[in-house]
There are 2 protein chains.
Amino acid sequence: MTDKSSVGVVETQYFTFAELTLESGEKFGPITIAYETYGTLNAEKSNAILILHAFSGDAHAAGFHEGDKKPGWWDDMIGPDKAFDTSQYFVVCSNVLGGCKGSTGPSSINPATQKPYGLAFPLIAIEDMVACQKRLIDHLGIAQLLSVAGGSMGGMQVLGWLTMFPDMLRSAIPIATTIKHSPQQIAFNEVGRQAIMADPHWNSGDYYDGTPPAKGLAVARMIGHITYMSDASMEEKFGRQRKHTDEPFKFTTDFEVEGYLNYRGDAFVKRFDANSYLYISKAMDHFDASNGKPFQKAISGLNAKLLVLAFESDWLYPAYQSQEIVKACKRAGLEATYCQIDSTYGHDAFLLEVDEETHLISHFLKRVFQND
Amino acid sequence: MTDKSSVGVVETQYFTFAELTLESGEKFGPITIAYETYGTLNAEKSNAILILHAFSGDAHAAGFHEGDKKPGWWDDMIGPDKAFDTSQYFVVCSNVLGGCKGSTGPSSINPATQKPYGLAFPLIAIEDMVACQKRLIDHLGIAQLLSVAGGSMGGMQVLGWLTMFPDMLRSAIPIATTIKHSPQQIAFNEVGRQAIMADPHWNSGDYYDGTPPAKGLAVARMIGHITYMSDASMEEKFGRQRKHTDEPFKFTTDFEVEGYLNYRGDAFVKRFDANSYLYISKAMDHFDASNGKPFQKAISGLNAKLLVLAFESDWLYPAYQSQEIVKACKRAGLEATYCQIDSTYGHDAFLLEVDEETHLISHFLKRVFQND
């Protein structure tokens with residue numbers, strides 16, 4: 001906590017509003033959004049940056065919750081003198097609608113029944129997540145954001161912000177993301193969903209009184225972890241190393257990589273809700289930043305500057321998808337800088353290539369901020 | 001059946017022998033091997049080719065079973081004037097040990113209990129599959145094979161033949177395969193195994209009297225199918241096309257790609273045994289063609305000629321793994337031809353790129369056969 005580069009002890013806050021008309025047309029509420037802030041909003045309210053989390057992330061992006069030893073999920077990037085420099089900028093991060101980390105989601109209590117929503121929760125879209133963030137930013141009294149930034153599903157929300165509330169953005173940083181999911185990306189999500197729904201404990205989403213579908217959710221997460229790494233990073237980390245196991249069972253894990261995946265699967269079950277997995281992954285699959293129209297038309301005439309980042313070995317969100325964003329920006333006349341970072345970490349690189357990202361993002365933000 | 005390029009109606013045959021000492025040291029038997037033959041063995045017994053099937057394949061590689069409309073799994077490649085030309089060559093294909101298509105496997109009756117083996121079936125290795133094939137070839141009175149050929153796990157068996165019975169081979173054709181699985185390949189198999197074992201119907205492998213673990217096996221197969229295709233081939237085949245579905249359930253399949261995967265998963269359950277999935281996938285993961293030693297040492301001094309094929313978009317068995325086979329051959333002084341076929345079909349290409357493979361394989365075999 002004495003680390004000068006840490007934002008120190010932080011607390012999650014909550015903002016509740018009565019109702020939102022969802023993309024589906026359905027009215028839904030009340031909605032609570034969990035969020036955290038780091039740094040100080042300046043008098044002009046011109047230094048606010050919204051950080052958008054990936055699939056299983058949460059509002060706790062930086063610093064430490066009281067008593068915790070592990071900091072927030074992007075602590076390497078958020079803090080004094082870090083990429084998102086909290087000595088200069090006011091950083092906000094919120095948990096998405098449909099999540100299970102404080103924001104309203106399928107595990108929240110349905111006021112109509114006083115029981116968890118389960119599948120009574122409405123189908124949501126990435127745009128609904130963005131609409132909730134917009135309410136939060138309004139609530140914080142911020143008229144314009146210096147930037148919105150996020151990787152993976154966070155990057156989809158960045159693109160959602162660009163098309164939905166372009167006048168509120170001075171810049172945007174989509175990282176390792178896509179305008180829309182390819183069939184391969186949909187396929188990986190679908191197998192995860194099928195693994196969850198194949199678990200009898202899932203019980204059509206009604207498991208909050210009993211045993212959750214832990215095995216199905218763990219399998220879903222294992223699939224995810226394979227796609228987050230690369231062939232090369234798995235080779236570096238595990239090779240064909242064997243575990244020492246005294247268990248007599250024939251199909252127990254004996255390679256290190258199996259042990260890792262099983263560990264990550266089991267750990268995930270403790271922190272994530274299976275129904276949130278279904279709702280959020282479906283929102284990702286349905287997302288199409290320009291609703292089927294050319295993305296360049298949706299962003300034509302905007303003033304926001306973009307920094308688009310992709311990673312060489314990311315095969316889940318391959319670089320060509322980030323290049324499509326950049327091409328659309330160029331055609332639409334937007335100023336967009338593209339950097340493809342040489343990394344063997346696969347999709348996980350957006351959480352791990354801290355030095356490269358810090359260099360690129362801090363310079364980009366400085367330029368946008370000083371061009372006041 | 002009047003098609004001149006078909007081997008016509010064929011029947012599966014069975015060969016049973018008393019016992020095999022497995023790689024593990026365990027003695028196991030009796031073992032039945034299901035096999036088919038196409039074409040005629042010549043008087044010199046010099047025209048026999050052994051075809052080795054992939055993970056979920058079987059002995060029925062070509063022609064039609066009485067009454068069937070669908071031919072064997074590699075019918076495009078085996079028949080008069082095809083790549084494996086049955087007007088010239090005698091072609092043999094057998095179901096692997098551990099399989100569920102006529103060869104002894106975990107769903108076979110254990111003579112000691114008169115019940116299916118289940119997990120009482122011993123752990124098997126790719127080398128054990130090869131040892132069974134060797135017994136079959138001996139039984140057929142063939143002292144030397146003109147060639148052994150196979151893709152994917154079939155290619156691993158080809159490499160097994162090279163290191164175990166090199167004097168019996170005049171040539172070998174490993175296709176889209178590897179000397180050993182990378183951690184990523186192990187990881188995909190492991191998630192499939194976990195999906196099966198997470199299904200309560202799996203019941204520690206004891207389900208033959210009741211309901212099989214159909215949901216778990218279907219999920220495992222869905223993962224497999226993603227890895228058999230490529231990002232590009234999925235894009236070509238499905239794009240983001242939506243299915244028309246009247247089902248009210250929120251998480252039902254709505255993209256074409258989801259429907260395809262679910263269909264393939266369900267279809268697989270009807271033809272494959274979950275315990276065979278576990279045993280065979282584990283054999284693949286443990287396989288290391290040279291038992292940890294450099295592969296080039298294991299094949300040093302051999303006379304067999306190799307044709308090694310790989311496919312551009314195959315990310316499950318990437319081309320670099322085939323190149324490693326070729327490099328080892330070159331270092332060991334073997335004659336090895338390498339062809340990397342330009343294809344968008346991913347790993348499935350070895351079943352689909354018939355024209356390219358036919359061209360390469362028929363010329364290769366002709367050259368080996370005529371160099372008598």
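None of these values were measured; they are calculated from a predicted model.

S.K.: Hey, could you run me through the overall build of chain A in this one?
M.R.: Scanning chain A from N- to C-terminus turns up 11 helices and 14 strands. By the compact-globule yardstick of 21 Å for 372 residues, chain A fits well, its C-alpha radius of gyration being 20 Å. Considered along the principal axes of its C-alpha atoms, chain A spans approximately 65 × 50 × 50 Å. When each of the 372 residues of chain A is scored for burial, the buried share is 63%. Intrachain contacts of chain A at a sequence separation of at least 6 include 72% that bridge at least 24 residues. Accessible area of chain A: about 14,400 Å², with a carbon and sulfur share of 48%.

S.K.: What is the right way to look at the relation of the copies chain B and chain A in this model?
M.R.: The operation relating the two chain copies consists of a rotation about an axis and a shift along that axis. Of the transformation placing chain B onto chain A, the axial shift is 0.0 Å and the rotation is 180 degrees, giving an RMSD of 0.0 Å. Seen this way, the second copy is the image of the first under a two-fold rotation axis. The overlap is high: 100% of the interface residues of chain B also sit at the interface in chain A, so the same surface is used on both sides.

S.K.: Looking at this structure, how should I read a positive patch on the surface?
M.R.: All names here are of chain A. A cluster of basic side chains, namely Lys70, Lys237, Arg264 and Arg271, defines a positive patch on the protein surface. Its place among the elements puts Arg271 in helix α6 (residues 256–271). Judged by relative accessible area, which is 33%, Arg271 ranks as partly exposed.

S.K.: Hey, could you run me through the interface of chain B and chain A in this one?
M.R.: Many descriptions give the size of an interface as the accessible area lost when the pieces come together. On the chain A side, the residues contacting the 56 residues of chain B number 56 residues. Taking both partners together, chain B and chain A bury about 4,600 Å²; carbon and sulfur atoms supply 68% of that area. Contact with chain A buries surface across chain B, with Arg240, Lys250 and Phe251 of chain B losing the most and accounting together for 18% of the total. Applying the counting rule to chain B against chain A returns six salt bridges. Glu258 of chain A is the partner of Lys282 of chain B in a salt bridge, and the nearest nitrogen-oxygen pair spans 3.2 Å. For the side of chain B that touches chain A, the secondary structure elements donating two or more residues are α3 (183–198), α4 (214–228), α5 (231–237), α6 (256–271) and α7 (274–286) of chain B. Ranked by the residues each element gives to the side of chain B that touches chain A, the list is headed by α3 of chain B, at 12 residues.

S.K.: I tried to follow the sheet that holds strand β4 (residues 31–38) of chain A on my own but got confused; where do I start?
M.R.: In sheet architecture, strand pairing relies on hydrogen bonds along the backbone and comes in two forms, parallel and antiparallel. All names here are of chain A. Pairing is mixed in the open sheet, where eight strands are placed in the order β1-β4-β8-β5-β11-β12-β13-β14. At either margin of the open sheet sits one strand with a lone partner, and together these are β1 (13–17) and β14 (336–341). Across the sheet, the axes of successive neighbouring strands diverge by a mean angle of 20 degrees, strand direction being ignored. Pairing between strand β12 (residues 171–175) and strand β13 (residues 305–311): three bridges, direction parallel. The residue of β13 that forms the bridge with Ala172 is Leu306. Against the sheet, helix α2 (residues 153–164) touches β5 (48–52), β11 (147–151), β12 and β13, its axis set at about 150 degrees to β11.

S.K.: Mind showing me how you'd approach helix α1 (residues 126–139) of chain A here?
M.R.: In an α-helix there are 3.6 residues to a turn, and that puts residues three or four apart on one side. All names here are of chain A. Here α1 contains 14 residues, and its C-alpha end-to-end distance of 20 Å stays within 8% of the 20 Å for a straight helix at 1.5 Å per residue. Across the 14 residues of α1, 11 count as buried, placing the element largely inside the fold. When α1 is considered as a whole, its buried residues turn out to be Ile126, Glu127, Asp128, Met129, Val130, Ala131, Cys132, Gln133, Lys134, Leu136 and Ile137. Immediately downstream of α1, the backbone of Gly141 shows phi near 75 degrees, a positive value.

S.K.: Mind showing me how you'd approach the sheet that holds strand β8 (residues 90–94) of chain B here?
M.R.: Residues and elements named next belong to chain B. The strand order across the open sheet built from eight strands is β1-β4-β8-β5-β11-β12-β13-β14, with neighbouring strands paired in mixed fashion. Because the sheet does not close on itself, it has two edges, and the strands there are β1 (13–17) and β14 (336–341). The sheet shows a mean angle of 20 degrees between the axes of neighbouring strands, taken without regard to direction.

S.K.: Can you walk me through the pattern of salt bridges in this structure?
M.R.: One side chain can pair with another of opposite charge once the charged atoms of both are near each other. Going through the model one piece at a time under the given rule, you end up with 18 salt bridges over all chains. Lys134 of chain B is the salt-bridge partner of Asp138 of chain B, the closest N and O atoms lying 2.7 Å from each other. Linking Asp138 of chain B with Lys134 of chain B, this pair stays in helix α1 (residues 126–139), spanning four residues, or about one helical turn. Among the charged side chains, a salt-bridge network with shared partners connects Glu190, Arg193, Lys282 and Asp285 of chain A together with Arg242, Asp254 and Glu258 of chain B.

S.K.: Sorry, what's going on with the nonpolar core here?
M.R.: Within soluble globular proteins, side chains that are nonpolar tend to cluster in buried spots. Grouped together as the largest cluster of nonpolar side chains are 188 residues, with contacts concentrated most on Trp161 and Leu162 of chain A together with Trp161 and Leu162 of chain B. Excluding residues that lie within four positions of it along the chain, Trp161 of chain B makes contacts with Leu50, Leu52, Val130, Gln133, Lys134, Ile137, Leu145, Val148, Pro166, Met168 and Leu169 of chain B.

S.K.: How do you make sense of the domain arrangement of chain A when you look at a structure like this?
M.R.: All names here are of chain A. Considered domain by domain, chain A is made up of domain 1 (13–180 + 288–370) and domain 2 (185–282). Here domain 1 and domain 2 have C-alpha centroids that lie 26 Å from each other. The interface is formed by 32 residues belonging to domain 1 together with 25 residues belonging to domain 2. A combined buried area of about 2,400 Å² lies between domain 1 and domain 2, and 64% of that area is made up of carbon and sulfur atoms. The largest share of the area that domain 1 buries against domain 2 comes from Phe55, Leu119 and Trp315, three residues that together contribute 28% of it. Counting across the domain 1 and domain 2 interface gives 14 residue pairs in polar contact (both at pLDDT 80 or more). Residue composition of the side of domain 1 that touches domain 2, grouped by class: 18 nonpolar, 11 polar and three charged.

S.K.: Hey, could you run me through a negative patch on the surface in this one?
M.R.: Residues Glu312, Asp342, Asp355 and Glu356 of chain A make up a contiguous surface patch of negative charge. With respect to the helices, strands and loops of the structure, Glu312 of chain A is situated in the loop between β13 and α9 (319–332).

What counts as what
- Residues numbered from 1 in each chain as written.
- Chains lettered and ligands numbered in written order.
- Predicted model: local features only at pLDDT ≥ 70, side-chain atom pairs only at ≥ 80, totals over all residues.
- Heavy atoms only, no water.
- Helix = DSSP H or I, 4+ residues; strand = E, 2+ residues; numbered from the N terminus.
- Rg over C-alpha atoms; globule rule 2.2 N^0.38 Å.
- Buried < 20%, exposed > 50% of the residue type's maximum accessible area, 1.4 Å probe, protein only.
- Contact = heavy atoms within 4.5 Å.
- Areas by Shrake-Rupley, 256 points an atom, 1.4 Å probe, with all protein chains shown as cover.
- Least-squares fit on C-alpha atoms with pLDDT ≥ 70 in both.
- Patch = residues over 30% accessible without salt bridge, like charges linked within 9 Å, V, L, I, M, F, W, Y side chains within 5 Å.
- Salt bridge = Lys/Arg side-chain N within 4 Å of Asp/Glu carboxyl O.
- Lys, Arg positive; Asp, Glu negative; His and termini not counted.
- Charge placed at Lys NZ, Arg CZ, Asp CG, Glu CD.
- Buried area = accessible area lost by both parts, 1.4 Å probe.
- Pairing = 2+ DSSP bridges.
- Axes fitted to C-alpha atoms, helices over the stretch in contact; angles between N-to-C directions.
- Expected span 1.5 Å × (residues − 1).
- Core = buried A, V, L, I, M, F, W, Y, C linked by side-chain atoms within 4.5 Å.
- Domains from an automatic or database assignment.
- Polar contact = N/O pair within 3.5 Å; in protein donor to acceptor, adjacent residues only side chain to side chain.
- Nonpolar A, V, L, I, M, F, W, Y, C, P; charged D, E, K, R; others polar.

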